[in-house]
Structures are given as C-alpha cells and as structure tokens.
Amino acid sequence: MISQSDATEDECRNFCDTHPQSFVQRARFRASHLFLAAPPETPPEVVESKKKMIEALAYRISHGEKFGELAAAVT
C-alpha cells in the first residue's frame, strides 16, 4: 500500500479515475406527507370531504403556513 506522502498527483488522479464508485455519495431525500386515505369502499361523501380537506391544506401551505404545524393539527 502506498502511503499518503509517497503518492504522486498523477497516481492519485489515476486512482480516482479508475475507482469512481469510491467517491460517490448516494442521494438523500427527506419527504413529508399527509395521508388522507379513502379505500374503495369509502362512501362518496367521505371521499368528497377528504378531497376538500386536501385542497384546503394545499391552499394553506401555498400561502405560507408551515407543513409540520398543519400536519400536527390534522392528525
């Protein structure tokens, strides 16, 4: 194994070029969601009520309310 002080710049560059998988950071995602379920057997009036709730929440979020606070209030 080559010590850090013995490797030339060309050797380092060659190593990086031939081992790109060693220098890749996996993408990370953070997602938040509100889930208002309506199984197939849900009565139409309940489905409509949930649709209205979704629209109202989307409106509130788009007008600056904080998602986390809305999520806590809805659940």
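Above this text you will find the structure in question.
Residues numbered from 1 in each chain as written. Predicted model: local features only at pLDDT ≥ 70, side-chain atom pairs only at ≥ 80, totals over all residues. Heavy atoms only, no water.

### Some thoughts on the overall build of the chain
And then number 1: Each helix and strand in the chain was counted, giving three helices and zero strands.
And then number 2: Counting from the amino terminus, helix and strand elements in the chain follow one another as α-α-α.
And then number 3: On C-alpha atoms alone, the chain measures out to a radius of gyration of 26 Å, which is more than a quarter above the 11 Å that the 2.2 N^0.38 rule sets for 75 residues.
And then number 4: The dimensions of the chain, computed from C-alpha atoms along their principal axes, are 75 × 30 × 15 Å.
And then number 5: Residues counted as buried form 5% of the 75 residues belonging to the chain.
And then number 6: Total accessible area on the chain is roughly 7,100 Å²; 56% of this is exposed by carbon and sulfur atoms.
And then number 7: Across the chain, the centroid of the 9 positively charged side chains sits 11 Å from that of the 11 negatively charged ones. (Helix = DSSP H or I, 4+ residues; strand = E, 2+ residues; numbered from the N terminus. Rg over C-alpha atoms; globule rule 2.2 N^0.38 Å. Buried < 20%, exposed > 50% of the residue type's maximum accessible area, 1.4 Å probe, protein only. Areas by Shrake-Rupley, 256 points an atom, 1.4 Å probe, with all protein chains shown as cover. Lys, Arg positive; Asp, Glu negative; His and termini not counted. Charge placed at Lys NZ, Arg CZ, Asp CG, Glu CD.)

### Comments concerning the environment of His33
And then number 1: The residue His33 is located in the loop between helix 1 (9–18) and helix 2 (44–62) in this model.
And then number 2: Overall, His33 belongs to the exposed group, its relative accessible area being 62%.
And then number 3: Spatially, the C-alpha atom of His33 lies 32 Å from that of Gln21, the residues being twelve residues apart in sequence.

### Focus: the pattern of salt bridges
And then number 1: In the structure shown here, the tally under the stated rule is two salt bridges.
And then number 2: In this structure, Glu65 and Arg60 form a salt bridge, with 3.0 Å as the shortest nitrogen-oxygen distance. (Salt bridge = Lys/Arg side-chain N within 4 Å of Asp/Glu carboxyl O.)

### Here's the deal with the packing of helix 2 against helix 3 (residues 67–74)
And then number 1: Two elements in contact, helix 2 and helix 3, have axes separated by 10 Å at closest approach and are oriented at 150 degrees. By the angle between their directions, the pair helix 2 and helix 3 is classed as roughly antiparallel. Note on packing geometry: the crossing formed by helix 2 with helix 3 is right-handed. Here helix 2 contributes Leu57, Arg60 and Ile61 to the contact with helix 3, which in turn contributes Phe67, Leu70 and Val74.
And then number 2: Residues of the contact of helix 2 with helix 3, tallied by class, amount to five nonpolar, no polar and one charged. (Axes fitted to C-alpha atoms, helices over the stretch in contact; angles between N-to-C directions. Parallel < 35°, antiparallel > 145°, perpendicular 65-115°, else oblique. Left-handed = near helix turned anticlockwise from the far one by under 90°. Contact = heavy atoms within 4.5 Å. Nonpolar A, V, L, I, M, F, W, Y, C, P; charged D, E, K, R; others polar.)

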